[in-house]
Amino acid sequence: MSEALNFHFDVDGDDFTSAGQASVQIKKNLRQLGISPDTIRRVSIAMYEGEINMVIHAGGGEADVSVTEDYVEILLTDHGPGIANIEQAMQEGFSTAPDAIRSLGFGAGMGLPNMKRYSDYMNIDSEVGKGTTITMRVNL
Amino acid sequence: MTVTELSHAEGFEAVNLSEGDREITGVYIGDLLSWVMGKATSGDSWITIMSNINILAVASLTDCACVILAEGVTLEDDVKTAAQSKGINVISSQLSAYEIALRLNTMINNE
């Protein structure tokens, strides 16, 4: 594989029930590429958490996945409110999710920590009032 | 033990068996979906009282053998239809999560 394979998804911010479709699709795509089950699991879980975050907090966004020879890169871009304190947001159990979201089983403050746990590299670029871009890589 | 075998056991009922021949190798109990995503492993039977459509994505991504709805929780028709189309095994039980786990422990270890 000399060139990266790229997949693009629009994450709909209005439809919480369909959140996760991009991650499930990526799981299928990576399986077709013959990537190991453990790597697929890490990529799809990290991406799902990111997708859910964009739906809960940012009114949706975009997800771009590139598969290179060395790693799978997930780029999540939104134009939501941004993250005021990234260090605090990275703590397990910290959440600003509303009660309605918590009643669905989300908002446990595990999203960003799970994304960090399942990726080999993660960078958060966020500006309050402008949006957030998260880059994650899972090595192959 | 396969998911179909579990669905035939006393106290359990099949809701959807798309891949009933999947082997159950472990058990995970939890209702916080992100927590489950971080901890459940492939082949687990995941016991929960959550029934919203997002459980299907979590079950798919963690590669659980099946979802077990505890305490008589049921699925709305649209969620059941989605489980069928996504190929997610779902079993229901009137038992509590604790009682289900005890039975699973006996059934898995007696094989």
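Looking only at helices and strands, one finds five helices and five strands in chain B. Reading chain B from its N terminus to its C terminus gives the helix and strand order α-β-β-α-β-α-β-α-β-α. The C-alpha radius of gyration computed for chain B amounts to 12 Å, which stays within 12% of the reference 13 Å derived for 111 residues, consistent with globular compactness. Referenced to the eigenvectors of the C-alpha coordinate spread, the extents of chain B come out at roughly 35 × 25 × 25 Å. By the burial criterion, 54% of the 111 residues in chain B qualify as buried. Once local pairs closer than 6 in sequence are excluded, the contacts in chain B between residues at least 24 apart make up 47%.

This brings us to the layout of surface pockets. Quantified by volume, the largest pocket comes out at close to 580 Å³. Forming the walls of the largest pocket are 35 residues, and the residues nearest its centre are Asn 53, His 57, Ile 83, Thr 96 and Leu 112 of chain A. When contributions to the lining of the largest pocket are tallied by element, the ones reaching two or more residues are α2 (37-58), β3 (71-78), α3 (86-89), α5 (111-118) and β5 (131-139) of chain A. Residue contributions to the lining of the largest pocket peak at eight residues, all from α2 of chain A. Roughly 500 Å³ of volume is contained in the second largest pocket. Taken together, 28 residues line the second largest pocket, and the ones lying closest to its centre are Val 24 of chain A together with Leu 56, Ser 60, Lys 86 and Ile 88 of chain B. For the lining of the second largest pocket, the secondary-structure elements that each account for two or more residues are α1 (21-32) of chain A together with α3 (54-62), β4 (66-69) and α4 (77-86) of chain B. If you tally residues by element for the lining of the second largest pocket, the top one is α1 of chain A, at six residues. Split into classes, the residues belonging to the lining of the second largest pocket amount to 11 nonpolar, 10 polar and seven charged.

Now for the pattern of salt bridges. Residues and elements named next belong to chain A. In the structure shown here, the tally under the stated rule is five salt bridges over all chains. As a salt-bridge pair, Asp 120 and Arg 42 come within 3.1 Å of each other at their nearest N and O atoms. Highlighted residues: Asp 120 in the loop between α5 and β4 (121-127) and Arg 42 in helix α2, separated in sequence by 78 residues. Between Glu 92 and Arg 117 there is a salt bridge, and its shortest N-O distance comes to 2.5 Å. On the criterion of sequence distance, the pair formed by Glu 92 in the loop between α3 and α4 (99-102) and Arg 117 in helix α5 is long-range, its members being 25 residues apart. Taking the relative accessible area as the measure of exposure, Glu 92 reaches 47% and is therefore partly exposed. With relative accessibility at 37%, the residue Arg 117 sits in the partly exposed group.

This part covers the interface of chain A and chain B. Between chain A and chain B, the contact holds 21 residues from the first and 21 residues from the second. Summed over both sides, the interface between chain A and chain B buries roughly 1,700 Å², with carbon and sulfur atoms accounting for 57% of that surface. A per-residue breakdown of the area chain A buries against chain B is headed by Lys 27, Arg 41 and Tyr 48 of chain A, which together make up 27% of the total. Counting across the interface, chain A meets chain B through eight residue pairs in polar contact (both at pLDDT 80 or more). Elements that contribute at least two residues to the side of chain A that touches chain B include exactly α1, α2 and α5 of chain A. Broken down by element, the side of chain A that touches chain B gets its largest block of residues, five residues, from α2 of chain A. Residues belonging to the side of chain A that touches chain B are distributed by class as follows: 10 nonpolar, seven polar and four charged.

Below, the discussion takes up the environment of Asp 78 of chain A. Residues and elements named next belong to chain A. With respect to the helices and strands, the residue Asp 78 is situated in strand β3. Judged by relative accessible area, Asp 78 falls into the buried class, the value being 10%. Sequence separation between Asp 78 and Gly 111 is 33 residues, and the spatial gap between their C-alpha atoms is 16 Å. Polar contacts involving the side chain of Asp 78 include one to the main-chain amide nitrogen of Gly 80, which spans 2.8 Å.

Further remarks concern the pairing of strand β2 (residues 60-67) of chain A. Residue and element names in this part refer to chain A. Counting buried positions along β2 gives six out of eight residues, so the element sits mostly inside the fold. When strand β1 (residues 5-12) meets β2, the two strands line up antiparallel, connected through eight bridges. When the sheet's bridge partners are listed, Asp 12 is paired in β2 with Gly 60. Across six bridges, β2 lies against β3 in antiparallel orientation. Looking across to β3, one finds that Val 65 is bridged to Ile 74. Counted along the chain from β2 to the antiparallel partner β3, the turn is three residues long.

The rules behind these values
- Residues numbered from 1 in each chain as written.
- Chains lettered and ligands numbered in written order.
- Predicted model: local features only at pLDDT ≥ 70, side-chain atom pairs only at ≥ 80, totals over all residues.
- Heavy atoms only, no water.
- Helix = DSSP H or I, 4+ residues; strand = E, 2+ residues; numbered from the N terminus.
- Rg over C-alpha atoms; globule rule 2.2 N^0.38 Å.
- Buried < 20%, exposed > 50% of the residue type's maximum accessible area, 1.4 Å probe, protein only.
- Contact = heavy atoms within 4.5 Å.
- 1 Å grid on protein atoms, 1.4 Å probe; cavity = no way out; pocket = protein on both sides within 12 Å on 5 of 7 lines; lining within 4 Å.
- Points joined across faces, edges and corners; volume = space filled by probe spheres on them.
- Nonpolar A, V, L, I, M, F, W, Y, C, P; charged D, E, K, R; others polar.
- Salt bridge = Lys/Arg side-chain N within 4 Å of Asp/Glu carboxyl O.
- Buried area = accessible area lost by both parts, 1.4 Å probe.
- Polar contact = N/O pair within 3.5 Å; in protein donor to acceptor, adjacent residues only side chain to side chain.
- Pairing = 2+ DSSP bridges.

Any functional reading would require information that these geometric values do not contain.
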